[in-house]
Amino acid sequence: IVSSRAPDAPAIGIGETVTPGVSMGTMEVEGTGPLALNGSIPLPLGEIHLWLVDYDRISDATLHTAYRELLNASEREQEPRFYFARDRRRYLVTRALLRTVLSRYAPVDPAEWTFSTNAYGRPEIANDQAGDLTFNLSHTHSLIVLGVTRQRALGGGGENVGRREVAMDLAG
């Protein structure tokens, strides 16, 4: 899913809910077919595109193998360090998502992306071909959210609010 906010649409604020599969703006692309990996998606200044993935639904071993081919050696070494299979899958899908989505905005092969760490410890793009492209990744429960924009720092987070249970004796 790709969503972008129309210039006259209200911003999504803290505490608002975003439902997967629901368009939040002027552009929506469902996963019905492959999108070109050649920097062909336009991203005008002032727009933020959000990509949402339910990683629990990506369980095909052949697909996981293909995702691993996109990772660099360090990323491939990191994946098995996660104790739980679900965490390993989240890591793999997140890294593959980042690489393939960025390749939709800049003419860089998914396996050729390089990243550095900024002064705050956050990853950032090191490829010159990316120009002013920036991103932010967040995840919660089974949802990965990738935000992509230009010329600005981007931050975001998600929270699973559908499974909250509060004991009444603790609420008092």
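Our subject is the structure that appears above.
Residues numbered from 1 in each chain as written. Predicted model: local features only at pLDDT ≥ 70, side-chain atom pairs only at ≥ 80, totals over all residues. Heavy atoms only, no water.

1. Considerations on helix α3 (residues 85–105)
To keep it simple, the criterion reads: Starting at the N terminus, helices and strands are each numbered in turn, a helix being any DSSP run of H or I of at least four residues and a strand any DSSP run of E of at least two. The span expected for a helix works out to 1.5 Å for each residue beyond the first. Relative accessibility decides the category of a residue: with a 1.4 Å probe and only protein chains considered, values under 20% of the type maximum give buried, values over 50% give exposed, and everything between is partly exposed.
The first and last C-alpha atoms of α3 sit 31 Å apart over 21 residues, in line with the 30 Å expected at 1.5 Å per residue. In terms of burial, α3 is a largely internal element, 16 of the 21 residues being buried.

2. Some details on the packing of helix α1 (residues 61–70) against α3
Filter applied, for reference: Only the contacting stretch of a helix is used when fitting its axis, a line to C-alpha atoms as for every element, and angles between N-to-C directions run 0 to 180 degrees. Every angle not falling under 35 degrees, over 145, or within 65 to 115 is termed oblique; those three ranges are roughly parallel, roughly antiparallel and roughly perpendicular. Two helices that cross are described as forming a left-handed crossing if the nearer one is turned anticlockwise from the farther one by less than a right angle, and a right-handed crossing if clockwise. Note on contacts: a residue pair is in contact if any heavy atoms of the two residues lie within 4.5 Å. Residues are grouped as follows: Ala, Val, Leu, Ile, Met, Phe, Trp, Tyr, Cys and Pro are nonpolar; Asp, Glu, Lys and Arg are charged; every other residue, Gly included, is polar.
The geometry of α1 relative to α3 is characterised by a closest axis approach of 9 Å and an angle of 60° between their N-to-C directions. In terms of axis orientation, α1 runs oblique to α3. Considering how the two elements wind past one another, α1 and α3 form a crossing that is left-handed. Where α1 abuts α3, its residues His64, Tyr67, Arg68 and Leu70 lie against Arg89, Leu92, Val93, Ala96, Arg99 and Thr100. Classifying every residue of the contact of α1 with α3 by side-chain character gives five nonpolar, two polar and three charged.

3. Observations concerning the nonpolar core
How we decide: In plain words, nonpolar cores are sets of buried Ala, Val, Leu, Ile, Met, Phe, Trp, Tyr and Cys residues tied together by side-chain atoms within 4.5 Å.
In this structure, Tyr105, Trp113, Leu133, Leu146 and Val148 are the most contacted members of the largest nonpolar core, which totals 27 residues. Elements supplying a minimum of two residues to this core: β2 (49–54), α1, α3, β5 (133–140) and β6 (143–150). It is α3 that provides the largest number of residues to this core, a total of eight residues. Look past the residues within four positions of Leu146 in its chain and what remains in contact with it is His49, Leu50, Trp51, Leu97, Leu98, Val101, Phe135, Asn136 and Leu137.

4. Points about the pattern of salt bridges
This is how the line gets drawn: We define a salt bridge as a contact between a side-chain nitrogen of Lys or Arg and a carboxyl oxygen of Asp or Glu at a distance within 4 Å.
Enumeration over the complete set of coordinates arrives at seven salt bridges. The salt bridge involving Glu75 is made with Arg95; its shortest N-O contact spans 2.7 Å. With Glu75 in helix α2 (residues 73–78) and Arg95 in helix α3, this residue pair connects regions lying 20 residues apart in the sequence. Taking the shortest distance from any N to any O, the salt bridge between Asp87 and Arg90 comes out at 3.1 Å.

5. Re the pairing of β6
Side-chain positions along a regular strand alternate between the two faces of the sheet. In plain terms, the rule: Between any two strands, pairing holds if DSSP finds at least two bridges.
Most of β6 sits inside the fold, with six of its eight residues counted as buried. Pairing geometry for β2 and β6, over six bridges, is antiparallel. Paired with His49 across the two strands is Val148, which belongs to β6. Examined bridge by bridge, β5 and β6 share eight bridges and lie antiparallel to one another. Considered in β6, the bridge of Asn136 is made with Gly147. In textbook terms, the turn of a hairpin is the stretch between consecutive antiparallel strands, and for β5 and β6 this stretch comprises two residues, one of which, His141, has a positive phi near 45°.

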